[in-house]
Amino acid sequence: MSSADEFTAIDLKYKESDTHCHQLFAKENASKATCKQKPPGRTLYVLNVPPYATEQALQYAFSSAGEIERVVLQEKPSSKESAPIERMDKDVFCFKVAYVVFAKPGALRKLLKTKSINALHTEERPLLTGVDKWTKAYHERIPNPAALQQEIDQYMESYDRKIEEQKAAESNNAVDEDGWVTVSKKSSGVFAQTQGVVKRLEKKLYEGQSEKELKNFYTFQIRESKKNDIISLRKKYDRDLKKMEQIKKAKRFKPY
């Protein structure tokens, strides 16, 4: 666990003209185990980061010592110095922990030596706080009427196109009086069965039911006649087989 003597106090100003400042406590993040997110010799571990400070503002502030590769904020310090960085939710308003990764090791050593960084807020890079921040957020939630109308028009145009395609597909699947469907390239493999088709099929089935019943009356006789034909064929086969045996015994069998 880190001790207070290991940290260096660095003054952080909101504006360059401020007479009072906030203090950050920073030290080099040194660990025996390597971590790709915290390269050794180039990672600065910073505590007491104010709630209003953003990653972009801190990147500009620490860039006074040299090029910054990235700045990542966490809600709480990592359990180990080699533990991976966990990005916090941007909506959390609390004091934070920052990991500042420099592009070169010399920039980190320069910063700890000079103990000087840029202010968070400048005219070129404004950092809004308080009422100004909430006012901007309020205005950003109000949609632009022109952009909103354009988005609505695009949606309705897409919706109308989709409805036309559905109507065209339904017309291709139109069912005629006999229940047949015209198959197109888009409707191939699609079976259309409407209530009207079902009713027409049921009507045809009912009309032919009486004729079907008369045909079923002779079913037993047809079955018996087929049975008798099979028996007669078997008897004829047995007779022909015996006749062939007799011809073979008489040595008169000439197949060719």
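The preceding data block contains the structure.
Just so we're clear, the structure is a prediction, and the values are computed from it rather than from any experiment. (Residues numbered from 1 in each chain as written. Predicted model: local features only at pLDDT ≥ 70, side-chain atom pairs only at ≥ 80, totals over all residues. Heavy atoms only, no water.)

Draft legend 1. Geometry of the overall build of the protein chain. Summing up its helical and strand segments, the protein chain has seven helices and five strands in all. From first element to last, N terminus to C terminus, the protein chain shows the α and β order β-β-β-α-β-β-α-α-α-α-α-α. Expressed as a percentage of its 256 residues, the buried residues of the protein chain come to 22%. When contacts within the protein chain are restricted to residue pairs at least 6 apart in sequence, those whose partners lie at least 24 apart make up 62%. Taken as a whole, the protein chain presents about 20,200 Å² of accessible surface, with 54% of it coming from carbon and sulfur. (Helix = DSSP H or I, 4+ residues; strand = E, 2+ residues; numbered from the N terminus. Buried < 20%, exposed > 50% of the residue type's maximum accessible area, 1.4 Å probe, protein only. Contact = heavy atoms within 4.5 Å. Areas by Shrake-Rupley, 256 points an atom, 1.4 Å probe, with all protein chains shown as cover.)

Draft legend 2. Just the pairing of strand 5 (residues 96-102), in detail. When you tally the buried positions in strand 5, you get seven out of seven residues, the bulk of the element. Taking every second residue as pointing to the same face, both faces of strand 5 are buried, with K96, A98, V100 and F102 on one and V97, Y99 and V101 on the other. Where strand 3 (residues 43-49) and strand 5 come together, five bridges link them in antiparallel fashion. Its bridge partner lying in strand 5, T43 is registered against V101. The pairing of strand 4 (residues 68-74) with strand 5 spans six bridges and is classified as antiparallel. What sits directly across from L73, in strand 5, is A98. (Pairing = 2+ DSSP bridges.)

Draft legend 3. Local environment of the pattern of salt bridges. Applying the stated criterion across every chain, the model contains four salt bridges. Ionic pairing is found between E69 and R42, a salt bridge with its closest N-O pair at 3.0 Å. Of this pair, E69 sits in strand 4 while R42 sits in the loop between strand 2 (22-28) and strand 3, and the two are 27 residues apart along the sequence. The class for E69 is partly exposed, based on a relative accessible area of 42%. Sharing partners across several salt bridges, the network here consists of R42, E69 and R70. (Salt bridge = Lys/Arg side-chain N within 4 Å of Asp/Glu carboxyl O.)

Draft legend 4. Just the sheet that holds strand 4, in detail. Strand order in the open sheet made by the five strands is 1-2-3-5-4, with antiparallel pairing throughout. With one partner strand each, in any of the chains shown, strand 1 (8-12) and strand 4 form the two edges of the open sheet. On average, each strand axis in the sheet is inclined to that of its neighbour by 25°, with strand direction left out of account. Strands strand 1, strand 2, strand 3 and strand 5 of the sheet are contacted by helix 2 (residues 105-114), whose axis makes an angle of about 40° with strand 3. (Axes fitted to C-alpha atoms, helices over the stretch in contact; angles between N-to-C directions.)

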